[in-house]
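Residue-level structure breakdown
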Amino acid sequence: MDFEQLKQKMENSEDKLNTLLDNCKHLNNGQLIDLVNEYLTDEEIIQILKNNDFDDFLKINFIMSIKDENKRIYMFRQETFEDPSWQAEQFLESLSEENRANLIQDGDFLKQYAVRQYTFRNILKSLSQEHFIQIIENKELMEEVGLDSYDIEDFIKNIIKDNEKIGLMEKYDLPINRKESIICSLQDDKKKEQIILENKYGFDIVSFEIILSSMQTENIGGFFSVHKEFCEAKQIVPYNVVDMLDVDQQLEFVGKMEDFDLTDKEKKEILVILKDETKTKIDKLKLSPIYREILDIPCEIEEI
């Protein structure tokens, strides 16, 4: 009996389970999985799993055919697999968000199925912000999974709200460069500005400049205009920050440069360090005559 004939027979049979078991010897795995998924009830799938010894491929696919997730989870946890971490990844992806979130917080589940770090990361990133934050807040779990500071940084940067990002960052003992990267990902430039000025995280001049370069160009210029004494004390110079911007941002900054309270020396330094592509796109006629020739000077700030 070929696949289509068996499918038709199961369609009309009152005992679909035994019809399948009596006629499945010549089916390939894909055909068998299709018939189990389409015609058997959860109870019948559980029965076939309990009474037969299948390879891991069939076991995990039969389990994932169980529609009731509580029963699916129960049956999965009764089985043993040669490569439990791989099966766990497939299984977790088959569940609703609520159950995925619950299981990756279950230390026993993580140990029993040797859930890999990248599987944990992928499942965590598939969750809503509510579940995502709830799990990241569990510092003990994060350490148990063995995630490093880069993972923690990456997770926190995926959080939408700035205050929640900052709160979680402070919960972990992260290196300065990780904290710097998280602060750069904030949406509110005012918060970045406040963090720079208060500097309770111990940032150095390089971190200050990197964080400033992550701000909107008008806010970068505004910072240098308003906080001159702070910048002088910390040795933060505008051209280092503008040098970190991409071509479009540099063009935007230069276009607004006259609106910022910068000295002639600072403006000249900025024009010198611009990327070559930026310089070619600047309309020199819109610049003051004293600045036009600066664009042709090689990038050697010390000589200005």
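Everything below is about the structure printed above this text.
We now turn to the structure provided with this report. (Residues numbered from 1 in each chain as written. Predicted model: local features only at pLDDT ≥ 70, side-chain atom pairs only at ≥ 80, totals over all residues. Heavy atoms only, no water.)

When you go through the protein residue by residue, the secondary structure sums to 24 helices and 0 strands. For 304 residues, the compact-globule formula gives about 19 Å, and the C-alpha radius of gyration of the protein, at 30 Å, lies well above that figure. Seen along its three principal axes, the alpha-carbon backbone of the protein occupies a region of about 90 × 40 × 25 Å. Across the 304 residues of the protein, 47% fall into the buried class. Sequence separation of 24 or more characterises 60% of the internal contacts of the protein that already satisfy a separation of 6 or more. Here the protein has roughly 16,100 Å² of accessible surface; of this, 44% comes from carbon and sulfur atoms. Where the 38 positive side-chain charges of the protein centre and where its 66 negative ones centre are 2 Å apart. (Helix = DSSP H or I, 4+ residues; strand = E, 2+ residues; numbered from the N terminus. Rg over C-alpha atoms; globule rule 2.2 N^0.38 Å. Buried < 20%, exposed > 50% of the residue type's maximum accessible area, 1.4 Å probe, protein only. Contact = heavy atoms within 4.5 Å. Areas by Shrake-Rupley, 256 points an atom, 1.4 Å probe, with all protein chains shown as cover. Lys, Arg positive; Asp, Glu negative; His and termini not counted. Charge placed at Lys NZ, Arg CZ, Asp CG, Glu CD.)

Inside soluble globular proteins, nonpolar side chains tend to come together where they are buried. Of all hydrophobic cores here, the largest spans 96 residues; its most connected members are Leu20, Phe109 and Phe120. Ranked by residues supplied to this core, first place goes to helix α3 (residues 29–39) with 5 residues. (Core = buried A, V, L, I, M, F, W, Y, C linked by side-chain atoms within 4.5 Å.)

Below, the discussion takes up the pattern of salt bridges. Applying the stated criterion to the full structure yields 17 salt bridges. With its nearest N and O atoms 3.7 Å apart, the salt bridge here joins Lys59 to Asp56. Here Asp56 and Lys59 lie together in helix α5 (residues 56–64), a separation of 3 residues that amounts to about one turn. Its relative accessible area of 9% is what places Lys59 among the buried residues. Using a relative accessible area of 15% as the deciding quantity, one classes Asp56 as buried. (Salt bridge = Lys/Arg side-chain N within 4 Å of Asp/Glu carboxyl O.)

The next point concerns helix α16 (residues 189–198). When α16 is considered as a whole, its buried residues turn out to be Asp189, Lys192, Glu193, Ile195 and Ile196. Buried residues of α16, viewed axially, fall in a sector of 160°; they line one side. Buried residues along α16 sit in contact with α14 (162–171), α15 (176–184), α17 (205–213), α18 (217–226) and α19 (228–234). The N-capping residue of α16, defined by a side-chain oxygen 2.8 Å from the backbone nitrogen of Lys190, is Asp188. Directly beyond the C-terminal end of α16, a positive phi value near 45° is found at Asn199. (Arc of directions from axis to C-beta. Polar contact = N/O pair within 3.5 Å; in protein donor to acceptor, adjacent residues only side chain to side chain.)

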